[in-house]
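# Coordinates in review
Here is how the chains run, residue by residue.
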Amino acid sequence: MNKIKLVLSTFFLILSFTSWAQSTTVSGVVLDNNNTPLAGVNVLQKATTNGVVTDFDGKFSIDVSGQHATLVFSYLGFLAQEIEVDGTQTNLRIQMVEDAALLDEVVIIGYGQAKKSDLTGAVASLKSSDIARANPVSAAQGIQGQMAGVNIIKRNNRPGSGLDIRIRGLSSIDFSNEPLIVIDGIQGADLNTVNPSDIETIDILKDASSTAIYGSRGANGVVIVTTKRGTKGKMSLTYNGYSGLKMPSYLPEMQNAQQFYRASTFAREQNGYAAKTFTSTEMEVLASGSGVDWVDEVTRSALQTSHNVSLSGGSDNVNYYFSLGYLNEGGTLKDTDFKRYTINGGLDGNIVEQVKVGFTMNYTNSLINLGSRESLRGAYRARPTGVIYFDEILNPSENNDVEHDGYAVWMGINDKQVLNPIVEADRRNFQLETLSSDFRGNAYIEVTPLEGLSLKSSLSARKYDARDGMYRGTFTKDQRASLPPRANSSNQILTNYTFDNIINYQKTFGKSSINATVAQSAFKERVEVMGLDVENLPYDSSWYAVNTAGTINSVNSNLTERTISSYMGRLVYGFNDNRYLLTVTGRWDGASQLGDGNKWDFFPSAALAWKISDENFLKDNGTISNMKIRVSYGTVGNSAVDPYSTLTRLLQTPYAFGETPAYGFAPASLVDKDLGWEKSKELNLGLDLALFNNRISSTIEVYNRETVDLIYRERIPTSQGFGEFITNVGSVSNKGIEVALNTRNIVKDKFTWSTSVNFAKNINEVLSIGNNGILEDIGSNLFVGQPLNSNYFYEFDGIWQLDEAEEAAVYGQLPGSVKVVDQNQDGKISSAPGEDDRVILGSEQPDWTMGITNKFTFGNIDLSFLAYTVQGVQFRNNFLSGTMGEVGNGRYNALNLNYWTPDNPTNDYFGAGIPNPYRQAIQYQDASFIRISDITLGYTLPTELSSDVLGLQNLRIYAQVINPFIFHDFDGIDPEFNSSAYNDDVSSTTILLGVKCTF
C-alpha cells in the first residue's frame, strides 16, 4: 500500500511540474527610452511560434511553456531583447532601446520618403524625443549640437530671438547662407513659429544629390520638419509642461567703483597722464566703500514656463492629431519677454481604398517685448561711482542732474552720454515690440489607381503678419532727457503658396526595383511693407497716436513679388535586392528675379550606393552588422537676390528748377541685366557602418563643394556714379569631413547607457574674386586662399615694456602700449601697398565642432546631458571694442582686466591713458568654447501606480538645468556670438521642473 502511495505521489508531483511548464502566464509592460508605453511590440517565446503583441498601453500577457522560457521582444527601430523568465517572474517591465542603425527608419527626402537603408545621399535625422528632450524654445535650438555639419548660432540672448543655421559652411558672400526650411510641405517657413513639442522628425539634406530635388532653393541645404500625425488606436490626451527660473549667469566681470577710480586716476598718473575728475557725489560713494552694480540693477531672475496639450488617435480610415501650446520666456533683462501661442491640427483619412486626403494646419501668435536696445549696454558703460536715486546726489547743480520718478537721470555723474540704465529700461520710457501671427496650412489628395502608382496634389499656403513698434520717450538716451517722445511703426504682410503635383511609381521586378518620381511645383510670394516714423509727440502715446506728432520724418511703403516654377524628376533603381542602388535626380527651375535669358536652369545629380554587408563574403559576419558606401555628385543653384535686382530702380532726388525747389527721379543703382544663377557643385563620399549587432554605428561623410558665379556686390569706381553693382563673379569652396557615432554602451534589463557623438570639420576657402584676377579685396574683407569672414589686421605681440622704451620709440610707441609684429622688419608699421604689415589672424568660421549626448536609464529613472563645443573661432571682440575695453578712459566703466602699469609689467592688456594706435590688435580673441547645454533627470511612475491607481497611461516628472556650465577664455557676454551688449541680454542658466502625462 505504501508503495502505491509513493508511486501516486511521484506521478502527481511530476504532473504538477509538467502542468506549470505548459501554462505559466507572464505579463508586463513594454516602454520606450522615454518610458512611454509602446503598442504593437512583438513578444515571442524563443524557438516557438507562441507570441503576442502589446496593446495600446504597452501591456502584454503570454502563456509560456518550459521551466526556463526565453521571451524575445522586437519592435521596428529598437534593438531586440531576450529576457529569461522562470516561475518567479510573472510581471515584467521591459524598456526597449533604440536601434542605433535604424536601417528601416523612414526618412523624408523631399517630394517623397525612403528607408534609411536605401539612402544614397547625405541625410541626417532627428526624432521628436531628441528634439524635445531639452525643452528648446525654438526648433533650431533643439538641433544645436546634435547633427554633424549643422552649426546653429545664436544671434543674441534676447527672448524670442532666432538662430542662424549653417550647413557645411558659408557659400554666399553678400547674400543669405540660410537653408531652405520646409514644414509639412510648406517651403520658406520659419522655424521660430513651430512649437518643438509638435515636431515628429527633422530631416536635413546636406549634399547636392539630396538637395537637387529642391533645385534653386536647396543650395544651402534643406531642413525638412514633419509635425506629429495621428496613429491608429484609441484616443489619447497628453500634457507636457514645465515651469522654472531663468537666471543671469557667466556675466563679464566689470570694474567696481574702487577699481574704476584707481584706473581713472592713479594708473593714469603713473603713466604720466592727468587723472579724470569725479563729482562730490561720486567721491562720497568712494569714501563709503560702496558703488553701483548697474548690470545687477537692470537684470532679474525671470519666469519661463511652457504648457502643451495634444489629442491624438485614429481608426482604420481616419487618423487625427490636435494640439495647443503656450510658452512664456521671460528675459533676464527687466521688462522683456516672449510669449507664443500655438494651435496645430492634422487629419488623414481614406475616402475610399484608393483615395486618401488630409490636411495640416498651424497657427502661431507671438508677442516679443524687448524694451530698450540701449539699457544693457548703458548698464555696462555706466560709471559704478554714480548713484541710483536723485536724493542721494549731494549737489544736483554740479552736474545739472534731472529727477525722474525719484531716480537720478544722470546718476550724479558729470557726463550726459549714459543715462541711468534703470530709467532707460523702464517700459514706460522705451518700448520695442513685435506682434506677429503666422498661419501655415497644407491640404492634399492622393490617388492610387494601380498598385505601386500614386498621384498626389497638395496646396501649401502661408500668411505671416507682423507689426514692429518702437517708442522712445523723453527719458531715454536717444531723446537725452529733454526732447519730446518719438515713435515708429512698420507693418509687414507676407503671403505665399506652393502648388505641387507629384506622380510616384514603385515596382519590384525579380531582384530589381524602381522608385520613380516626377513632379511639378509652382511657388509665388508677395510681401507688403508699410512704415512710419514721427517725433515731437505731445504725450506718451507709444505708437498708437502718431497723428498727434509734430513732425513726420518718413512714410514709406513697398511691395515685392516673386515666383519660382519648377519641374523635377527622381529615379531610384535597386539591383540584386537593393544591394546596389542608383539615384538620378534633375530639376528645371525658373526664378522671376533673375535676368532675362538666365531665369531658367537645370540642376542634375546622381548617386550610387553599395550595401557591402549584404554580399555573401560579409553576410554571416559576426562583427559587421551593416556596411554601405555611397558616392554622389550634383549641382544646385541659388537665386538669393531680392526681386527687381535686374531692373533699374529710381530714387527721388531734390533739385532746383530755376529758383523753385522741385523733386525729380534718378537711377538708384547699376544693374546687371544678365544676372544668373549662383551654382554649387558637390562631390560627397559616405560610409555607413554598424558593428556588433548594431551596438556601434557610425556615418562618415567626406565632401567637396565649389560654388561658382557668386552673386556678389562688386565694388566699382565711384566715378561711374555708383559704388557697386550686383553681378555674378568669383567662387568659394567648402570641403570637410563629418562623423556621427552612436553606441549602446550598456544594455541591461534595468540599466542602459547610450552615447551619440557628432564631429564636423569644414575648410572654407575663397577661390576667386572679381573678373580681373584680383587676389584680395581688403575693403570687403575677401582674400583668395582664405576663408570668408577672415580677420585681417596687425598681429598682437604683447605690451611694450619699460626696458623696451628705446625700441618702442622707433615705432612711435611708449611702454604700456600695444606692440604689433613688424612683419617685413623695415622698422615701421604700415598698411601701404608693398609694405603692409597686416596679416590674416583667423576666421569667424570654426575649425571644427562636436557634440556629445549621453542617456542613462536605471529602472524608472532617466538621466541625460548634452555637451557641445565650437573650436577655432576668432572674433574681433565687440565688447572690448565697444568701450568696455578702454581701461582708464574715465568716461565709461570697463572690464576688470589685468592692465599694464609700471608696477605690473604684464603683457595681457595695455596701460591706462596711454596712446594706443594699434589697440585693435588686442581685440581679436579666440572664441572657442565648451558648453554643457543641459542636464535632465526624470522619473517615470511604475505602470501599476500610474495606470492601475491613477488611471494614466504614463506619468513622468523631471528636473532640468539648461546651460549649467560653459568654458572659454573670451572677454565678453557670450563666446557663441559676438555681442557689443547693444540690443542684447545677458547669458542665463535656467532651472526647470516639468511633468508629462498621457491619459
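An unreviewed UniProt entry annotates the chain as TonB-dependent receptor originating from Flagellimonas abyssi. As recorded by UniProt, the Sequence similarities (unreviewed entry) comment attached to the chain reads in full: "Belongs to the TonB-dependent receptor family." Under the UniProt heading Subcellular location (unreviewed entry), the note attached to the chain is "Cell outer membrane".

## Re the overall build of the chain
Within the chain, the secondary structure is distributed over 15 helices and 52 strands. Over its C-alpha atoms the chain spans a radius of gyration of 33 Å, differing by no more than 12% from the 30 Å that the globule rule assigns to 999 residues. Taken along its principal axes, the extent of the C-alpha atoms in the chain is 125 × 75 × 65 Å. Sequence separation of 24 or more characterises 68% of the internal contacts of the chain that already satisfy a separation of 6 or more. If you sum the accessible surface of the chain, you get close to 42900 Å²; carbon and sulfur atoms cover 55% of it. Treating the 81 positive side-chain charges of the chain as one cloud and the 110 negative ones as another, the clouds have centres 6 Å apart.

## Side note on the sheet that holds strand S7 (residues 91-95)
Reading across the sheet, the three strands line up as S4-S1-S7 and stay open at both edges, with mixed pairing between neighbours. The open sheet has two edge strands with one neighbour each: strand S4 (59-64) and S7. On average, each strand axis in the sheet is inclined to that of its neighbour by 30°, with strand direction left out of account. The pairing of strand S1 (residues 24-31) with S4 spans six bridges and is antiparallel. Its bridge partner being in S4, serine 27 is matched across the sheet by serine 61.

## Description of the UniProt feature "domain: TonB-dependent receptor plug" (unreviewed entry) in the chain
Per the UniProt record, "domain: TonB-dependent receptor plug" (unreviewed entry) is found at residues 116-222. Strand forms 27% of residues 116-222 and helix 13%; the C-alpha atoms that close the span are 17 Å apart.

## Description of the packing of aromatic side chains
If you walk through the whole model with that rule in mind, you get 25 aromatic pairs. With a centroid separation of 5.5 Å and an interplanar angle of 20°, the aromatic rings of tyrosine 389 and tyrosine 407 are classed as stacked. One end of the pair, tyrosine 389, is in the loop between helix H9 (375-381) and helix H10 (396-399); the other, tyrosine 407, is in strand S23 (residues 407-408), and 18 residues separate them in sequence. Residue classification places tyrosine 389 among the partly exposed residues on the basis of a relative accessible area of 40%. On the basis of relative accessible area, tyrosine 407 is assigned to the partly exposed category, the value being 23%. Residues phenylalanine 759 and tryptophan 848 carry aromatic rings whose centres are separated by 5.8 Å and whose planes lie at 35° to one another, so their mutual orientation is tilted. Taken together, the positions of phenylalanine 759 in strand S39 (residues 751-768) and tryptophan 848 in strand S46 (residues 848-858) put the pair 89 residues apart, joining distant regions of the chain. Of the residues examined, phenylalanine 759 reaches a relative accessible area of 25% and is grouped as partly exposed. Judged by its relative accessible area of 30%, tryptophan 848 is partly exposed. Taken together through their ring pairs, the aromatic side chains of Phe260, Tyr261, Phe266 and Phe278 make up a single cluster. Sitting above the plane of the phenylalanine 278 ring, arginine 383 keeps its charged end 4.5 Å from the centroid.

## What to know about the nonpolar core
In summary, soluble globular proteins display a tendency toward joint burial of nonpolar side chains. Trp294, Tyr380, Val818, Phe879 and Tyr909 are the most contacted members of the largest nonpolar core, which has 47 residues in total. Not counting residues within four places of it along the chain, the set of residues in contact with tyrosine 380 comprises Leu251, Pro252, Met254, Val295, Phe879, Met884, Asn893, Ile973, Ala981 and Val986. In this structure, Ala139, Ile183, Leu191 and Val223 belong to the second largest nonpolar core, which totals 23 residues.

## A few points about unusual backbone geometry
Despite not being glycine, asparagine 135 shows a phi value in the positive range, around 55°. When you line up the elements, asparagine 135 lands in the loop between helix H2 (128-132) and helix H3 (139-143). At asparagine 983, a position not held by glycine, the phi torsion is positive, near 55°. Assignment of secondary structure puts asparagine 983 in the loop between strand S51 (954-968) and strand S52 (988-998).

## A short note on the pattern of salt bridges
With the rule as written, the count across this model stands at 40 salt bridges. When the shortest N-O distance is used, the salt bridge between arginine 166 and glutamate 178 registers 2.5 Å. Linking arginine 166 in strand S12 (residues 163-167) with glutamate 178 in the loop between S12 and strand S13 (180-183), this pair joins segments that are twelve residues apart in sequence. The partner of arginine 462 in a salt bridge is aspartate 438, with the nearest N and O atoms 3.0 Å apart. Here arginine 462, found in strand S25 (residues 453-472), pairs with aspartate 438, found in strand S24 (residues 430-450); they are 24 residues apart in sequence, far enough to count as distant. Summarising the burial analysis for this pair, arginine 462 and aspartate 438 share the class buried. Bridged by salt links that share partners, the residues Lys154, Arg931, Asp974 and Glu976 form one connected network.

## Considerations on the sheet that holds strand S10 (residues 123-127)
The five strands are arranged S10-S15-S16-S13-S14 in an open sheet whose pairing can be described as mixed. The sheet terminates laterally at S10 and strand S14 (186-187), the two strands that pair on one side only. Alignment of S10 against strand S15 (residues 199-205), held across five bridges, turns out to be antiparallel. Residue pairing in the sheet places serine 125 in a bridge with aspartate 203 of S15.

## Things to note about the pairing of strand S19 (residues 318-330)
Here strand S18 (residues 302-314) runs beside S19; their pairing, made up of eleven bridges, is antiparallel. If you follow asparagine 308 over to S19, its bridge partner there is glycine 325. In textbook terms, the turn of a hairpin is the stretch between consecutive antiparallel strands, and for S18 and S19 this stretch comprises three residues. Bridge count for S19 against strand S20 (residues 337-352) is 13 bridges, and the pairing is antiparallel. Paired with glycine 325 across the bridge in S20 is threonine 342. Here S19 hands over to S20 after six residues, with aspartate 335 in that stretch at a positive phi of 65°.

## A closer look at helix H5 (residues 257-264)
When we look at burial in H5, the residues that qualify are Ala257, Phe260, Ala263 and Ser264. In an axial view of H5, the angular spread of the buried residues amounts to 130°, which keeps them on one side of the axis. Packed against the buried residues of H5 are helix H6 (266-270) and helix H7 (280-287).

## Side note on the confidence of the model for the chain
For residues with low pLDDT, the predicted coordinates do not support detailed interpretation. The pLDDT averaged across the chain works out to 89; a share of 95% of its residues lies at or above 70. Scored below 50 in pLDDT, residues 1-21 shows eight contacts in the model against residues more than four places distant or in partner chains.

## Structural notes on the side chain of serine 366
Turning to its location among the elements, serine 366 is positioned in strand S21 (residues 355-369). When its relative accessible area of 9% is taken as the criterion, serine 366 is described as buried. Of note is the side chain of serine 366, whose polar atom sits 2.7 Å from the side chain of serine 436. Aside from chain neighbours lying at most four places away, what touches serine 366 is Phe338, Lys339, Arg340, Thr434, Leu435 and Ser436.

## Brief notes about H7
Among all positions in H7, only Thr281, Glu282, Val285 and Leu286 are buried. One face of H7 carries all of its buried residues, which in axial projection span an arc of 140°. Where H7 is buried, its residues meet H5 and H10. Of the residues flanking the end of H7, it is glycine 289, one or two places downstream, whose phi is positive at about 75°.

## Details of the environment of asparagine 156
In this structure, asparagine 156 sits in the loop between strand S11 (150-154) and S12. Judged by its relative accessible area of 17%, asparagine 156 is buried. Taking C-alpha positions, asparagine 156 is 8.5 Å from asparagine 978, a pair spaced 822 residues apart along the chain. Beyond its immediate chain neighbours, meaning those up to four positions away, asparagine 156 contacts Ser161, Phe977, Asn983 and Asp984. For asparagine 156, the side chain forms a polar contact with the main-chain nitrogen of arginine 158, separated by 2.9 Å.

## With respect to the environment of isoleucine 94
Inspection of the secondary structure puts isoleucine 94 in strand S7. Overall, isoleucine 94 belongs to the buried group, its relative accessible area being 1%. For the pair formed by isoleucine 94 and glycine 859, sequence separation is 765 residues and the distance between their alpha carbons is 9.4 Å. If sequence neighbours within four positions are ignored, isoleucine 94 has contacts with Val29, Val30, Leu31, Phe73, Gln81, Ile83 and Asp749.

## Considerations on the environment of valine 702
Mapping valine 702 onto the fold places it in strand S35 (residues 696-708). Under the relative-accessibility criterion, valine 702 is labelled partly exposed at 39%. As for valine 702 and valine 732, which are separated by 30 residues in sequence, their C-alpha atoms are 17 Å apart. Sequence-distant contacts of valine 702, that is, excluding residues within four places in its chain, are made with Leu683, Asn684, Leu685, Gly736 and Ile737.

Rules used in this analysis
Residues numbered from 1 in each chain as written. Predicted model: local features only at pLDDT ≥ 70, side-chain atom pairs only at ≥ 80, totals over all residues. Heavy atoms only, no water. UniProt positions renumbered as here; feature names shortened; annotations may be inferred. Helix = DSSP H or I, 4+ residues; strand = E, 2+ residues; numbered from the N terminus. Rg over C-alpha atoms; globule rule 2.2 N^0.38 Å. Contact = heavy atoms within 4.5 Å. Areas by Shrake-Rupley, 256 points an atom, 1.4 Å probe, with all protein chains shown as cover. Lys, Arg positive; Asp, Glu negative; His and termini not counted. Charge placed at Lys NZ, Arg CZ, Asp CG, Glu CD. Pairing = 2+ DSSP bridges. Axes fitted to C-alpha atoms, helices over the stretch in contact; angles between N-to-C directions. Phe/Tyr/Trp six-rings, centres within 6.5 Å; stacked < 30°, edge-to-face > 60°. Buried < 20%, exposed > 50% of the residue type's maximum accessible area, 1.4 Å probe, protein only. Lys NZ or Arg CZ within 6 Å of the ring centre and 35° of its normal. Core = buried A, V, L, I, M, F, W, Y, C linked by side-chain atoms within 4.5 Å. Salt bridge = Lys/Arg side-chain N within 4 Å of Asp/Glu carboxyl O. Arc of directions from axis to C-beta. pLDDT = per-residue confidence, 0-100. Polar contact = N/O pair within 3.5 Å; in protein donor to acceptor, adjacent residues only side chain to side chain.

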